[in-house]
Structures are given as C-alpha cells and as structure tokens.
Amino acid sequence: MRLTRTPAMLAAVLAGVLVASCASDDNTAAPASSTDTGAVETISSALTPPTTGAIDPGLQPYIDRSVTDLSGRLDVGVEDIVVVAAILVEWPDASLGCPQPDLQYAQVATDGSLITLAIDGDTYEYHAGGDTTPFLCETPPDKGPPVTLSAP
C-alpha cells in the first residue's frame, strides 16, 4: 500500500495498524510482555516519555536517541515530549523520506523507521534507514515522497 505523507492519513493508517494488531482469531490470552501496547509505555528507560500511537518496541533505542536530540534542540525536558508513533517503514529511495533540495538519491527502496514526537501540539519526525541513525527531518510532511508501511 502506498501512502501520501499527510498527518491525517498517517494517523488513520497507524490507528488501523494498532486495531489490527489487537485483533486475534485465537481465543487464548497471552501473558503480558514488552510487545503488548500497554507494556510499551512502561519500558524501563529513563528517557521513555508517554506514548499515544503505534510503537514498535524494537525501536526503543532510536526513540531514546530521538527524544534526547529533540530535548536538546528545543531546550525542553524529555518528560515534555510525547512519542506519537514509532514504526518500521520502507522508504521509496535513499532520501529516507526527507529529500534535500538539489540532491539526487539512489532510487532503491530502503528499510527504515519513522518516529513521530510531539511537544505542545507541534510534531517532529525522525527518519532512519539503512546505516543512517534517526535524524530530524525538517522537510514539511506534504513535500516528502510517499512511504510504504512495512509488514508486521
């Protein structure tokens, strides 16, 4: 599925992914683990702020790095930053969804992640992929290329 990166569409897709991940044909209940949505919010990390959407627990090191970076950039406490979402994606090219003007990028699909953070209603996207660790993407969301959500 291809998506145009708009906040409303991304939020709708994330909500669908979250609902789908909660659905099960199996009537047996599994014990709580760090992959359960409720447990994700309590991962033992001093930097883990509250969450609001789909969070891949395997991205916790990237979430911590992104929260620390944004906290330093904006001179706010990590407790003021909300993790809106942290998902695995497939970027359509080597720009990792954050193309810079006048640069050319290899036209190869790249596995990566998208971490969305918020402070007082303002959202910030951190992109990662390949060997690139998360970085703040300052390209407006409506200007970036489409992104494909990775299969769970």
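What counts and how
- Residues numbered from 1 in each chain as written.
- Predicted model: local features only at pLDDT ≥ 70, side-chain atom pairs only at ≥ 80, totals over all residues.
- Heavy atoms only, no water.
- Helix = DSSP H or I, 4+ residues; strand = E, 2+ residues; numbered from the N terminus.
- Buried < 20%, exposed > 50% of the residue type's maximum accessible area, 1.4 Å probe, protein only.
- Contact = heavy atoms within 4.5 Å.
- Areas by Shrake-Rupley, 256 points an atom, 1.4 Å probe, with all protein chains shown as cover.
- Disulfide = S-S within 2.5 Å.
- Patch = residues over 30% accessible without salt bridge, like charges linked within 9 Å, V, L, I, M, F, W, Y side chains within 5 Å.
- Salt bridge = Lys/Arg side-chain N within 4 Å of Asp/Glu carboxyl O.
- Lys, Arg positive; Asp, Glu negative; His and termini not counted.
- Charge placed at Lys NZ, Arg CZ, Asp CG, Glu CD.
- Pairing = 2+ DSSP bridges.
- Core = buried A, V, L, I, M, F, W, Y, C linked by side-chain atoms within 4.5 Å.

**Student:** Is there a simple way to think about the overall build of the protein in this case?
**Tutor:** Counting secondary structure elements, the protein contains three helices and five strands. Starting at the N terminus and walking to the C terminus, you meet the elements of the protein as α-α-α-β-β-β-β-β. Counting all 152 residues of the protein, 36% fall into the buried class. Looking at the protein alone, contacts between residues at least 24 apart form 61% of all its contacts between residues at least 6 apart. As presented, the protein carries roughly 8700 Å² of accessible surface, and 56% of it is formed by carbon and sulfur atoms.

**Student:** Which parts of the structure should I look at to understand the state of the cysteines?
**Tutor:** Note on terminology: a disulfide is the covalent bond linking the sulfur atoms of two cysteines. Tallied over the entire structure, the rule returns one disulfide. Between the sulfur of Cys98 and that of Cys137 lies a disulfide, 2.2 Å long from S to S. Its torsion about the S-S bond being 100°, the disulfide of Cys98 and Cys137 is classed as right-handed. Highlighted residues: Cys98 in the loop between strand 1 (82–91) and strand 2 (110–119) and Cys137 in strand 4 (residues 132–137), separated in sequence by 39 residues.

**Student:** Any chance you could explain a negative patch on the surface here in plain terms?
**Tutor:** A cluster of like negative charges, contributed by Glu79, Asp80, Asp120 and Asp122, occupies part of the molecular surface. Relative to the elements of secondary structure, Asp122 occurs in strand 3 (residues 122–129).

**Student:** Just to check I follow, could you spell out the side chain of Thr110 for this structure?
**Tutor:** Considering the arrangement of structural elements, one finds Thr110 in strand 2. Once you skip the residues sitting within four places of it in the chain, Thr110 turns out to touch Val89, Glu90, Trp91, Asp93, Ala94, Leu96, Gly129 and Gly130.

**Student:** How do you make sense of the pairing of strand 4 when you look at a structure like this?
**Tutor:** Every regular strand shows the same layout, with side chains that alternate between the two sheet faces. Alignment of strand 3 against strand 4, held across four bridges, turns out to be antiparallel. Bridging across to strand 4, His127 finds its partner in Phe135. Where strand 3 folds back on strand 4, the antiparallel hairpin that results is connected by two residues, among which Gly130 adopts a positive phi of roughly 55°.

**Student:** How should I be thinking about the side chain of Thr116 in this particular structure?
**Tutor:** Relative to the helices and strands, Thr116 is located in strand 2. Residue class for Thr116 comes out buried when judged on its relative accessible area of 9%. Residues contacting Thr116, with those up to four places away along its chain left out, are Val82, Val83, Val84, Ala85, Thr123, Tyr124 and Glu125.

**Student:** Looking at this structure, I do not really get the nonpolar core. What am I missing?
**Tutor:** Inside soluble globular proteins, nonpolar side chains tend to come together where they are buried. Counting residues in each nonpolar core, the largest one holds 13 residues, and the members touching the most others are Ile63 and Leu117. Contributing elements (two or more residues each) for this core: helix 3 (60–74), strand 1 and strand 2. When neighbours within four sequence positions are excluded, Leu117 is seen to be in contact with Ser66, Val67, Leu70, Ile81, Val82, Val83, Val84, Asp122, Thr123, Tyr124 and Tyr126. In terms of nonpolar packing, the next biggest core, distinct from the first, is built from six residues, Ala54, Ile87, Val89 and Leu114 among them.

**Student:** It is not clear to me how the pattern of salt bridges should be interpreted in this structure. Could you clarify?
**Tutor:** When the charged atoms of two side chains lie near each other, side chains of opposite charge can form a pair. Enumeration according to the criterion identifies two salt bridges in this entry. In this structure, Asp69 and Arg73 form a salt bridge, with 2.6 Å as the shortest nitrogen-oxygen distance. Placement of the pair is Asp69 and Arg73 together in helix 3, with a separation of four residues, close to one helical turn. Assessed through its relative accessible area of 28%, Asp69 is described here as partly exposed. Put simply, Glu138 and Arg73 hold a salt bridge, and the shortest N to O gap is 4.0 Å.

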